[in-house]
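Architecture at a glance
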Amino acid sequence: FGSTRYWDRFFRQRGRRPFEWYGAFPELCPVLHKYVRPRDKVLVVGCGNSELSEQMYDTGMCEDIVNIDISDAVIRQMRERSGSRRPKMSYLVMDMLQMDFPDAGFQVVLDKGTLDAILTDEEEATLAKVDKMFAEISRVLQIGGRYLCVSLAQAHVLKKAVDYFSQEGWVVRIHQVAGSGDKQQFVLPVFVYVMTKFRKIPGSAPQILEICSEEQDKPMRVESAERLVAAVKDRQHYALLCSQLSKTPCGEQVSLDLCDRASGKPRYTLHVVDSPLVRPSRDSHFAIFIIPQGRETEWLFGTEEGRRQLAASAGFGRLVTVALHREHCYEGMASIQAELSGKVMELAPPGLPARQQVPFLSVGGDIGVRTVQHRDTSPMSGEYVVEDVKGDGICYFRRLIFLSNRNVVQSEARLLAHTPLPGQRKRRKEKKKPSPAELPATIDKSYLCCEHHKAMVAGLCLLGDPDPLPGALLAVLVVGLGGGSLPLFIHDYFSKARVAVVEIDPSMLEVATRWFGFSQGDRMQVHVSDGLDYVARLAAEDPAQYDAIMFDVDSKDFTVGMSCPPPAFVEKPFLQKVKTILKPEGVFVLNLVCRDARLKESVLATLREVFPLLYARRIEGEVNEILFCQPSPEQQRDPTELEARARALEGALRQPGRPWDSSYVLADMLQAVKIL
């Protein structure tokens, strides 16, 4: 591309047909209008036989235009083509690496694809040539002048340009050019680098680096050249994705975040789901589904299989689900539709009829309710929030979310409908802040939201005759407090049970007490300690003291394919300590969340080495698997007996005057138990 001979031959063979690198004038015009004024003197380097200069002249954008190119053949063509119709525009044979113009003679230098043609690699000779090009452009531009470079923005090209001019003290701004639809020659988007010349200030002046998307008028400031290159790469990846989605159905679900322009934080998370079994009619090609706030973690919306089922039941060939983020405010369905309409159409499937209206769907037609009640940071668990969300129907739920794993509900409790007494609302308004003791009154302590907690409670039927069990003297150890719903339920429904809870994070005890109705007493004690240390100490001092031990503790190490429990809790030496503090007829219940198949097999093998009797209950629609471990194989019961015992336990727990949710069928919790 740097050879005069190559371009002479190229333009002779092409003839008079214009060759437009990276789109034509209509696509570039909105950006050029911002930076080219009618009175500017413009230099076009590497003009080729593009019509760009002619169209700028003919539309009145600018007339004083000098075009240069190293190809004598193309310059002769362009002089003939322009003739005398554009008297103020000229064409010259000239090498832009060694131009004959005086210093500071131009307000604008325009380059359409020339930099890309020269900077084909990062060899030393190539980079030296580019440095000469940039130095010459800098020389002929006035202070305040603009170098406008139209480019595909390959990473090495963009980085070279940004590094060079930002170090010279110039303001660097990158514009993404709006695509030209079906006529677009390139899948990748076209960019215009706008480098504005300023006098170089001695010392380390701050770099001014900005990017503008095609739909944005106001530029967004970025902090470094690396971040600017990354922002361009994001837009390139998105363009490739849209191109692929417009041509073929996607076999795998595609996800992407649309970020808030001001903060840079994700505002919407989109999943594109194609249903190959759906034969779309004219009106069922494409739809958008807005997930109500707070429900994005539910199986139907938060898992691939759930979204696949949702898309199939909705009956659309392609469904885009949209999750709303808690850091942002949303006025309603109409405002979300207005905000997203243009962007989601870029994800439309192949074969979508022209001017087809795309429906926006949701559950009940609204966007749900989410109220963040409390936000804080724990030294151990990181940033977390306590929020109230509206569930399916009229129920509201309170949730604890660790923002390091924001798609997982750490703890959940149902809220009771509360009707204030006459005058109570007014008195509460007079208080500056409700006391922590008032808040837990809204928690429904009788309700277990998590399916795995119901299964863990059902596992207590392994301890003996279910009928007297709720009133038996039981000693239960729970490792992992969370919001406290599991130990609270055991405490309230097993009237003589003594529950010890071990929680490593003191912040969680405060959260459970203030926001989830948890409280300590004679039969409920919390020990703020590392569960590993606590169990080891008990094993040395007081063996065989617990009827049931329950582990419901999350891992903070996201590099391991097991999010519950931490790997150290299922190592053989520690499991032997657990067995030591468990009574011979007791049960050890473990909530296992493991996506790594090999690691899971290893964990199960280790458990079998320590506990000869092992039952497993997979929670439908979730990764959770509840393991019931007992020290003696003589305690084994067949699945039918387990179901009967769980049903009997449920009957014993349903006492007059004590609330019991009709959805609890403990027998179902042990219905699909496997003996490993």
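As annotated in an unreviewed UniProt entry, the protein carries the name eEF1A lysine and N-terminal methyltransferase and is attributed to Zapornia atra. Looking at the Sequence similarities (unreviewed entry) heading of the UniProt record, one finds this comment for the protein: "Belongs to the methyltransferase superfamily."

Okay, the overall build of the protein next. Each helix and strand in the protein was counted, giving 20 helices and 27 strands. Expressed as a percentage of the 676 residues in the protein, the buried residues total 52%. The long-range fraction of contacts in the protein, counting pairs at least 24 apart against all pairs at least 6 apart in sequence, stands at 71%. Entry remark: accessible area of the protein is about 31,800 Å², with carbon and sulfur atoms responsible for 51%.

Moving on: the packing of aromatic side chains. Under the definition given, this model contains 16 aromatic pairs. Residues Phe134 and Tyr164 carry aromatic rings whose centres are separated by 5.0 Å and whose planes lie at 50 degrees to one another, so their mutual orientation is tilted. Within this pair, whereas Phe134 is found in helix H6 (residues 124-140), its partner Tyr164 is found in helix H7 (residues 155-167), the two being separated by 30 residues in sequence. Aromatic pair Tyr147 and Phe165: ring centres 5.6 Å apart, planes at 50 degrees, arrangement tilted.

This part covers the pattern of salt bridges. For side chains bearing opposite charge, pairing can occur when the charged atoms are close. In the structure shown here, the tally under the stated rule is 35 salt bridges. For the salt bridge of Arg76 with Asp72, the shortest nitrogen-to-oxygen distance reads 2.0 Å. Placement of both Arg76 and Asp72 in helix H4 (residues 72-82) is noted, with a separation of four residues, approximately one turn of the helix. Judged by its relative accessible area of 42%, Arg76 is partly exposed. A salt bridge links Lys572 to Glu609; its shortest N-O distance comes to 2.9 Å. Taken together, the positions of Lys572 in helix H17 (residues 572-581) and Glu609 in helix H18 (residues 597-610) put the pair 37 residues apart, joining distant regions of the chain. Judged by relative accessible area, Lys572 falls into the partly exposed class, the value being 35%. Taking the relative accessible area as the measure of exposure, Glu609 reaches 51% and is therefore exposed. One connected set of salt bridges, linked through shared partners, spans Glu54, Asp58, Arg81 and Arg86.

With 17 residues, H6 should reach 24 Å at 1.5 Å per residue; the first-to-last C-alpha distance of 25 Å fits that figure. Among all positions of H6, only Thr126, Val130, Met133, Phe134, Glu136, Ile137, Ser138 and Val140 are buried. Buried residues along H6 sit in contact with strand S1 (42-45), strand S4 (106-112), helix H5 (114-118), strand S5 (141-151) and H7.

Relative to each other, helix H13 (residues 451-458) and helix H14 (residues 485-493) sit at 35 degrees, their axes nearing to 10 Å. By crossing handedness, the relation of H13 to H14 is classed as right-handed. Together, His453, Met456 and Val457 of H13 and Ser485, Leu486 and Phe489 of H14 make up the contact between the two elements. Of the residues assigned to the contact of H13 with H14, the class counts are four nonpolar, two polar and no charged.

What follows covers the sheet that holds strand S6 (residues 171-176). The nine strands lie next to each other as S3-S2-S1-S4-S5-S7-S6-S8-S9, forming an open sheet whose pairing is mixed. Pairing within the sheet leaves two strands with one partner each, and these edge strands are strand S3 (90-93) and strand S9 (220-222). Each neighbouring strand pair of the sheet contributes to a mean axis angle of 20 degrees, computed without reference to strand direction. Relative to S4, S1 is paired through four bridges, and the arrangement is parallel. Its bridge partner being in S4, Val44 is matched across the sheet by Leu110. Its contacts with the sheet put H7 on S5, S6, strand S7 (191-196) and strand S8 (209-212), and the angle it makes with S7 is roughly 15 degrees.

Now for the pairing of strand S20 (residues 498-503). Of all six residues that make up S20, five are buried, and the element is covered over most of its length. Bridge analysis of strand S19 (residues 475-479) against S20 gives five bridges, and the strand direction is parallel. From the neighbouring strand, Val478 faces S20, where its bridge partner is Val501. Of the pairings in the sheet, the one linking S20 to strand S21 (residues 524-528) comprises five bridges and is parallel in character. From the neighbouring strand, Ala500 faces S21, where its bridge partner is Gln525.

Moving on to the side chain of Glu54. For Glu54, the location among the structural elements is in helix H3 (residues 52-58). Leaving out residues up to four positions away in the same chain, Glu54 has contacts with Met78, Arg81, Arg86, Met89 and Tyr91.

One key point about sheets: their strands pair by backbone hydrogen bonds, in either a parallel or an antiparallel sense. The strand order across the open sheet built from five strands is S10-S11-S13-S12-S14, with neighbouring strands paired in mixed fashion. Of all strands in the sheet, those with a lone pairing partner are strand S10 (254-259) and strand S14 (360-362), marking the two edges. Taking each pair of neighbouring strands and ignoring which way they run, the sheet shows an average axis angle of 25 degrees. Of the strand pairs in this sheet, strand S12 (residues 286-290) and strand S13 (residues 318-324) are connected by five bridges, and their pairing is parallel. Within the sheet, the bridge partner assigned to Ile290 lies in S13 and is Val322.

Turning our attention to the nonpolar core. By size, the foremost hydrophobic cluster in this structure holds 43 residues, and its most contacted members are Leu43, Leu115, Tyr147 and Tyr193. Among the elements that take part in this core, H7 stands out by supplying six residues, more than any other. Not counting the four nearest positions on each side in its chain, Leu115 is found in contact with Val130, Met133, Phe134, Tyr147, Cys149, Val157, Ala161 and Tyr193. Val457, Leu481, Leu509 and Leu653 belong to the second-largest nonpolar core, a separate cluster that totals 42 residues.

In this section: the confidence of the model for the protein. Looking at the protein, pLDDT values average 85 and 88% of them are 70 or higher. Confidence drops under pLDDT 50 across residues 180-184; counting only partners more than four residues distant or on other chains, this segment forms three contacts.

Mapped onto the secondary structure, Ile581 falls in helix H17. With relative accessibility at 0%, the residue Ile581 sits in the buried group. Sequence-wise, Ile581 and Asp547 are 34 residues apart; in three dimensions their C-alpha atoms are separated by 9.1 Å. Ile581 has contacts with Leu477, Val535, Leu538, Ala539, Asp542, Pro543, Ala544, Gln545, Tyr546 and Ile549, leaving out every residue within four places of it along the chain.

Quick look at the pairing of strand S26 (residues 624-630) now. Across the seven residues of S26, seven count as buried, placing the element largely inside the fold. Because side chains alternate across S26, one face comprises the buried residues Asn624, Ile626, Phe628 and Gln630, and the other comprises Glu625, Leu627 and Cys629, equally buried. Across six bridges, the pairing between strand S24 (residues 582-594) and S26 is antiparallel. Counterpart to Val589 in the pairing with S26 is Phe628. In this sheet, S26 lies alongside strand S25 (residues 613-618) in antiparallel orientation, the contact comprising six bridges. Each residue of the ladder has a partner; that of Leu614, found in S26, is Cys629.

So, how was this worked out
Residue positions are counted from 1 within each chain, in the order its sequence is given. With the structure being a predicted model, the display of local features is reserved for residues of pLDDT at least 70 and the display and counting of side-chain atom pairs for 80 or more, all residues being used for whole-chain, interface and lining totals. The side-chain quantities take in all heavy atoms of the structure and omit both hydrogens and water. UniProt positions are given in the numbering used here, feature names are shortened, and annotations may be inferred rather than shown by experiment. Helix and strand definitions here come from DSSP, where helices need a minimum of 4 consecutive H or I residues and strands a minimum of 2 consecutive E residues; each element is numbered from the N-terminal end. Categorising residues by exposure relies on relative accessible area from a 1.4 Å probe, with only protein chains included: less than 20% of the type maximum marks a residue as buried, more than 50% marks it as exposed, and the intermediate range marks it as partly exposed. Note on contacts: a residue pair qualifies if any of its non-hydrogen atoms lie within 4.5 Å across the two residues. Values of accessible area rely on a 1.4 Å probe in the Shrake-Rupley scheme; residue burial ignores everything except the protein chains shown. Here is the rule: rings of Phe, Tyr and Trp (six-membered ring for Trp) pair when centre to centre is within 6.5 Å. Planes less than 30 degrees apart are stacked, more than 60 are edge-to-face, and the remainder are tilted. Salt bridge criterion: a side-chain nitrogen from Lys or Arg within 4 Å of a carboxyl oxygen from Asp or Glu. Each residue after the first adds 1.5 Å to the expected span of a helix. Fitting a line to C-alpha atoms yields each axis, with helices limited to the stretch in contact; the angle taken between N-to-C directions then spans 0 to 180 degrees. If you view the pair so one helix is near and one far, a crossing is left-handed when the near helix is turned anticlockwise from the far one by less than a right angle, and right-handed when it is turned clockwise. Gly counts as polar in this scheme, as do all residues outside two lists: the nonpolar Ala, Val, Leu, Ile, Met, Phe, Trp, Tyr, Cys and Pro, and the charged Asp, Glu, Lys and Arg. One bridge is not enough; two strands pair if DSSP finds at least two bridges between them. Remark: nonpolar core denotes a set of buried residues (Ala, Val, Leu, Ile, Met, Phe, Trp, Tyr, Cys) joined through side-chain atoms within 4.5 Å. Values of pLDDT, the confidence the predictor places in each residue, fall between 0 and 100.

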